[in-house]
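Analysis of the macromolecular model
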Amino acid sequence: MAEKVDTLIHARWLVPVEPARQVIEGASIALRGGRIVSVGERDQISVEADEEFSLDDHVLLPGFVNAHGHAAMVLFRGYADDMRLQAWLDERIWPLEHAWVDQDFVRDGTELAIAEMLRAGTTCFSDMYYFPEAAARAACDAGLRAQITFPIVRFPNNWSRDADDCIHRGLALRDDLRSQRRLIVGFGPHATYTLEPKNLERIATYATELDAPVQIHLHETTAEVENAVKETGERPLDLVERVGLLGPTLQTVHMTQLTDADIETLAATDTAVVHCPQSNLKLASGIAPIAAMRRAGIRLGLGTDGAAGNNGLSMMREMNAASLLAKISNHDATELSAFDALHLATLGGAIALGLGDEIGSLVPGKSGDIIAIDLSELETQPVYNPISHLVYTACAHKVSHLWCEGELLMRERVLLTLDEDRVGAHARAWAERISKS
Ligand SMILES: [Zn+2]
């Protein structure tokens, strides 16, 4: 008798990401209890399934891992563009946050961001924003995977009084969410310029005790590094190292300003880096030396950053930008190939977030976090190699199905755990209120 599974998906192509560069034609994948039980050519897999999908023009791949963002800020999308980072924050974003950000804003904004991310194939995202309890609830309800890093800043804001208050609230949230399998709660120190060294020391102590992830914006711009040196005599990366934060649980975001010695330090301490190419391009922050970091063996993920700055949450756009930036900045068209970019957006991100054993590739034993992309449109014809299209030919709007831990969250582009009309209506209502103020 054939083995029994919950879900069996057949597709024209399957890109497992492990082994590297493999494309299986005429593929099937079987899932049971949320896990992958077999992957291969269709005639090699004989199972009996409760539910079967035949996706004849589609490519299956692991869901994207958006390793850095501020989901709720999507409600500020398009409010302020074409500004320098510090002016954008000081003059527009921070006053706007003070006026509007509360539980309802974060819930509605995170739902909108999740809807957009799911429709673009993201099954796991990392978040750093005020009222993280509202973001966590939105993620739980929608059913995708999330790393919620509660924000830590020294100044009073709508969510907390100071850095200690942030930590206190965040640790309570971590306790509350312990039983949520698809959620991880970690520390989100915003940056060295929004915290005191003593705050960072405290975070390092707690994170080590709890073995919890820490994500921080670091070396985003030259101004950040120069100001730190002028004011404290120390570069932000050196400060982070001095307080004991560097190490396998630290995820540093941006890292556009690095010396060769910095890259060696990151590699030696097994510190992860999250590359946000479109955010860095739009804010003219700089170019992270991805090629050199890859050669040094640093764990690298890819993130969209908040949609208030980089105005969308598509990981396919990020893969495209990452690949093109790596090529032009090294004057070498062979840098960051299509597969390398796909690896960054899937398994690379999973490993950077410490989830490499669980997600990021389609291999037996891993979680069934899978997306299907329809390549039947004229814009994606002909198909010689689907990996090329994923990175160089825009097809984010063709993600048709999405499973997280074997649970179907989108079928034929219809979200099954979010009411798209309600999410859209809330977004329009916020825009009306904000634009009248
Ligand atoms: Zn950010």
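How each quantity is defined
Residues numbered from 1 in each chain as written. Predicted model: local features only at pLDDT ≥ 70, side-chain atom pairs only at ≥ 80, totals over all residues. Pairing = 2+ DSSP bridges. Helix = DSSP H or I, 4+ residues; strand = E, 2+ residues; numbered from the N terminus. Domains from an automatic or database assignment. Nonpolar A, V, L, I, M, F, W, Y, C, P; charged D, E, K, R; others polar. Buried ≥ 20, exposed ≤ 12 C-beta atoms within 10 Å, placed from the backbone. Core = buried A, V, L, I, M, F, W, Y, C linked by C-beta atoms within 7 Å. Contact = placed C-beta atoms within 7 Å. Axes fitted to C-alpha atoms, helices over the stretch in contact; angles between N-to-C directions. Parallel < 35°, antiparallel > 145°, perpendicular 65-115°, else oblique. Left-handed = near helix turned anticlockwise from the far one by under 90°.

Right, let's get into the pairing of strand β3 (residues 35-41). Relative to β3, strand β2 (residues 24-32) is paired through six bridges, and the arrangement is antiparallel. Opposite L31, over in β3, you have I36 as the bridge partner. Between β2 and β3, which pair antiparallel and follow one another directly, the connecting turn spans two residues, one of which, G33, has a positive phi of 55°.

This part takes up the domain arrangement of the protein chain. In many reports, interface size means the accessible area that the parts give up when they come together. Under the domain assignment, the protein chain is made up of domain 1 (3-62 + 366-405) and domain 2 (64-352). One C-alpha centre belongs to domain 1, the other to domain 2, and the line joining them spans 29 Å. Those elements that provide at least two residues to the side of domain 1 that touches domain 2 are β4 (47-62), β13 (370-374), α13 (386-392) and β14 (399-404). Considering every element that reaches the side of domain 1 that touches domain 2, the biggest residue donor is α13, with five residues. By residue class, the composition of the side of domain 1 that touches domain 2 is 16 nonpolar, one polar and four charged.

Turning to unusual backbone geometry, a few remarks are in order. Cis geometry marks the peptide bond from E18 to P19; its omega dihedral reads -5°. Following the sequence through the fold, P19 ends up in the loop between β1 (3-14) and β2. Looking along the chain, the bond that leaves Q381 and enters P382 is cis, with omega of -15°. The phi angle at R21 is positive, at roughly 65°, despite the residue not being glycine. At R413, a position not held by glycine, the phi torsion is positive, near 70°. Of note, R413 is situated in the loop between β15 (407-411) and β16 (414-415).

Here we come to the environment of N227. Mapping N227 onto the fold places it in helix α6 (residues 222-232). Residue class for N227 comes out partly exposed when judged on the 14 C-beta atoms lying within 10 Å of it. Distance from N227 to L355, taken between C-alpha atoms, is 35 Å for residues 128 residues apart in sequence.

This part is about the nonpolar core. I29, I114, A135 and M319 are the most contacted members of the largest nonpolar core, which totals 134 residues. Among the elements that make up this core, the one with the highest residue count is helix α12 (residues 338-352) (ten residues). Both domain 1 (3-62 + 366-405) and domain 2 (64-352) contribute no fewer than three residues apiece to this core. Aside from chain neighbours lying at most four places away, what touches M319 is L302, A341, L342, L344, A345, L390 and V391.

Across the five residues of strand β9 (residues 214-218), five count as buried, placing the element largely inside the fold. Going residue by residue along β9, you find V214, I216 and L218 tucked away on one face and Q215 and H217 tucked away on the opposite face as well. Pairing geometry for β9 and strand β10 (residues 250-254), over five bridges, is parallel. Bridge pairing in β10 links V214 to L250.

Attention shifts here to the packing of helix α2 (residues 103-119) against helix α14 (residues 420-436). Viewed as axis vectors pointing N to C, α2 and α14 meet at an angle of 125°, and their least axial separation amounts to 9 Å. Taken together, the axes of α2 and α14 are oblique relative to one another. The two elements α2 and α14 cross, and the hand of that crossing is left-handed. Residue-level inspection shows F105, D108, E111, L112 and A115 of α2 in contact with α14, the latter providing E420, V423, H426, A427 and W430. Broken down by class, the residue content of the contact of α2 with α14 amounts to six nonpolar, one polar and three charged.

Let us look at the sheet that holds β13. The sheet built from eight strands is open, its strands ordered β3-β2-β1-β4-β13-β14-β15-β16 with mixed pairing. Two strands bound the open sheet, and with one partner strand each, they are β3 and β16. Sheet topology places β1 next to β4; ten bridges connect them, and they run parallel. By the bridge assignment, L14 is partnered in β4 with L60.

Along the chain, the position of Y392 falls in helix α13. Along the primary structure Y392 and Q103 are separated by 289 residues, whereas in three dimensions their C-alpha atoms are 38 Å apart. Sequence-distant contacts of Y392, that is, excluding residues within four places in its chain, are made with N320 and A338.

Turning next to the environment of R317. Along the chain, R317 turns up in helix α11 (residues 315-330). For R317, a count of 18 C-beta atoms within 10 Å corresponds to the partly exposed category. As for R317 and T265, which are separated by 52 residues in sequence, their C-alpha atoms are 30 Å apart. What R317 contacts, discounting residues up to four positions off in sequence, is Q278, G312 and A396.

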